[in-house]
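# Breakdown of the fold
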Amino acid sequence: CRTGHAFVGEYYSSFVPSETTSCPCGEHIQTREHILAMCPTFESNRDTLRSPSEDLVITDILGTEKGIEALADFLKETDAFKKARRTDPSQTNSQPSSASE
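Described below are features of the structure shown in this document. One numbering rule holds for all chains: residues counted from 1, following each sequence as written. Side-chain atom pairs in this predicted model are given and counted only at pLDDT of 80 or more, local residue features only at pLDDT of at least 70, and totals for whole chains, interfaces and linings cover all residues. No hydrogens and no water enter the side-chain calculation; it runs on all heavy atoms of the structure.

### Structural notes on the pattern of salt bridges
- By convention in these notes, a salt bridge is any Lys or Arg side-chain nitrogen within 4 Å of a carboxyl oxygen on Asp or Glu. All told, the structure shown has 4 salt bridges when counted by the stated rule.
- With a shortest N-O distance of 2.7 Å, R46 and E43 are connected by a salt bridge.
- For every residue, the accessible area obtained with a 1.4 Å probe (protein chains only) is divided by the maximum for its type, and the residue is called buried under 20%, exposed over 50%, and partly exposed between those limits. By relative accessible area, R46 is classed as buried at 0%.
- A residue is classified by how much of its surface remains accessible, and E43, at 40% relative accessible area, is partly exposed.

Printed below as a string of structure tokens:
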């Protein structure tokens, strides 16, 4: 997250073009700043991040010891920045198995 290498659209647009760059909330390009300060998905968890930075200044969150500690708590609470699992439809067995076969 601090280095810019994260499972977010901003990174994907440059390094993994096969991945979607939008946020599940509908934002066109998902960025670290969007997730930490603006995404409605995580609004209820932002108080954790406001402890080191009331105005959610990214450099305060990512560049100070207090900010990193708050970020770690935020990540534990939200699973933000985790790789979304894709479901491969070809791996899904749509036919119920029969014990008599």
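Still more to cover.
### As for a negative patch on the surface
- Residues enter patches when they are more than 30% accessible in relative terms and free of salt bridges; like-charged ones are connected within 9 Å and nonpolar ones (Val, Leu, Ile, Met, Phe, Trp, Tyr) within 5 Å. Here, Shrake-Rupley sampling with a 1.4 Å probe gives the accessible areas, and only protein chains in the shown set may cover a residue. In this tally, Asp and Glu contribute negative charge and Lys and Arg positive charge; neither His nor the terminal groups of the chain are included. The location of each charge is read from NZ of Lys, CZ of Arg, CG of Asp or CD of Glu. A contiguous patch of negative charge on the surface is contributed by E65, E69, D73 and E77.
- Mapped onto the fold, E69 is located in helix α5 (residues 65–78). Each helix corresponds to a stretch of at least 4 residues labelled H or I by DSSP, and each strand to a stretch of at least 2 residues labelled E; elements are numbered beginning at the N terminus.

### Comments concerning the nonpolar core
- Among the nonpolar cores identified, the biggest contains 15 residues, and L36, L49, L71 and F74 are the most heavily contacted of them.
- If you list the elements that add at least two residues to this core, you get α2 (32–38), α4 (58–63) and α5. Residue types Ala, Val, Leu, Ile, Met, Phe, Trp, Tyr and Cys, when buried and joined through side-chain atoms within 4.5 Å, form a set referred to as a nonpolar core.

### Let's talk about the side chain of H34
- Inspection of the secondary structure assignment puts H34 in helix α2.
- Only heavy atoms matter for contacts: two residues are in contact if any of them lie within 4.5 Å across the pair. Sequence-distant contacts of H34, defined by excluding residues within four places in its chain, comprise C23, C25, E27, C39 and R46.

### Some points on α5
- In this scheme, a helix's expected span is set at 1.5 Å multiplied by one less than its residue total. Given a rise of 1.5 Å per residue, 14 residues ought to cover 20 Å, and the 20 Å separating the end C-alpha atoms of α5 matches this to within 8%.
- Along α5, the positions that sit buried rather than exposed are G67, A70, L71, F74 and T78. For α5, the arc enclosing every buried residue in end-on projection is 105°, short of the 170-degree limit, so these residues lie on one face. Of the exposed residues in α5, those oriented more than 90 degrees away from the buried face are E65 and K76.
- Looking at the packing, one finds that the buried side of α5 touches α2, α3 (47–50) and α4.
- Backbone geometry just downstream of α5 places D79 in the positive-phi region, at approximately 60°. The directions from the helix axis to the C-beta atoms form the arc being described.

### What to know about the packing of aromatic side chains
- Note on aromatic pairs: the rings of Phe, Tyr and Trp (six-membered ring only in Trp) are paired at centre separations within 6.5 Å, and the planes decide the class, stacked below 30 degrees, edge-to-face beyond 60, tilted for the rest. If you walk through the whole model with that rule in mind, you get 1 aromatic pair.
- Between F42 and F74 the ring centres are 5.9 Å apart and the planes differ by 65°, which places this aromatic pair in the edge-to-face class. Taken together, the residues span a long stretch of sequence, with F42 in the loop between α2 and α3 and F74 in helix α5 at a distance of 32 residues. Assigned by exposure class, F42 and F74 land together as buried.

The values are spatial; any link to function lies outside them.
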